[in-house]
Amino acid sequence: MLQPFVHYGLHFLVPIAIAYIFYRPTWIKTALILLATMAVDLDHLLSQPVFDATRCSIGYHLLHQPLAIICYAILFLFPRARVVSIGLLLHMLADKLDCTWMAIS
Ligand SMILES: [Zn+2]
């Protein structure tokens, strides 16, 4: 019951809150960029089945590999790519929380 709320909250509400709090002058544009980073889930299309509610995305899908996540963190160092980095890292955090939730339940 709580897991979907946390998951979608991290995917939708937290990015909007981050944009509103930290990027107030351009918060709508920033929120849209943060939300657009969910396109990273297009790598699911390379898997069979495409969606599996019991599968942990982290370490399984191409753009959810540890090396990719390190690259997302490095992007944070570049101001022009920082918002994309935040969106991708937040996405990975949401997915990792899901994995942890599945592991303990
Ligand atoms: Zn994902």
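Parameters and conventions
- Residues numbered from 1 in each chain as written.
- Predicted model: local features only at pLDDT ≥ 70, side-chain atom pairs only at ≥ 80, totals over all residues.
- Helix = DSSP H or I, 4+ residues; strand = E, 2+ residues; numbered from the N terminus.
- Rg over C-alpha atoms; globule rule 2.2 N^0.38 Å.
- Buried ≥ 20, exposed ≤ 12 C-beta atoms within 10 Å, placed from the backbone.
- Contact = placed C-beta atoms within 7 Å.
- Arc of directions from axis to C-beta.

Peer 1: Would you take a moment to explain the overall build of the protein for this structure?
Peer 2: When you go through the protein residue by residue, the secondary structure sums to 4 helices and 0 strands. Along the protein, helices and strands appear, N-terminal first, in the series α-α-α-α. Over its C-alpha atoms the protein spans a radius of gyration of 14 Å, differing by no more than 12% from the 13 Å that the globule rule assigns to 105 residues. In terms of principal-axis extent, the alpha carbons of the protein reach across some 40 × 30 × 20 Å. Sorting the 105 residues of the protein into buried and exposed places 20% on the buried side. In the protein, 51% of the contacts between residues at least 6 apart in sequence involve partners at least 24 apart.

Peer 1: Is there a simple way to think about helix α2 (residues 27-36) in this case?
Peer 2: A turn of α-helix holds 3.6 residues, and therefore any two residues three or four places apart point the same way. Along α2, the positions that sit buried rather than exposed are Thr30, Ala31 and Leu34. For α2, the arc enclosing every buried residue in end-on projection is 100°, short of the 170-degree limit, so these residues lie on one face. Opposite the buried face of α2, at more than 90 degrees from it, the exposed residues are Ile28 and Lys29. Buried residues belonging to α2 abut α1 (2-22) and α4 (82-104).

Peer 1: What is the right way to look at the environment of Val14 in this model?
Peer 2: Mapped onto the elements, Val14 comes out in helix α1. Ignoring sequence-local partners within four residues, the contact set of Val14 consists of Gly9 and Leu90.

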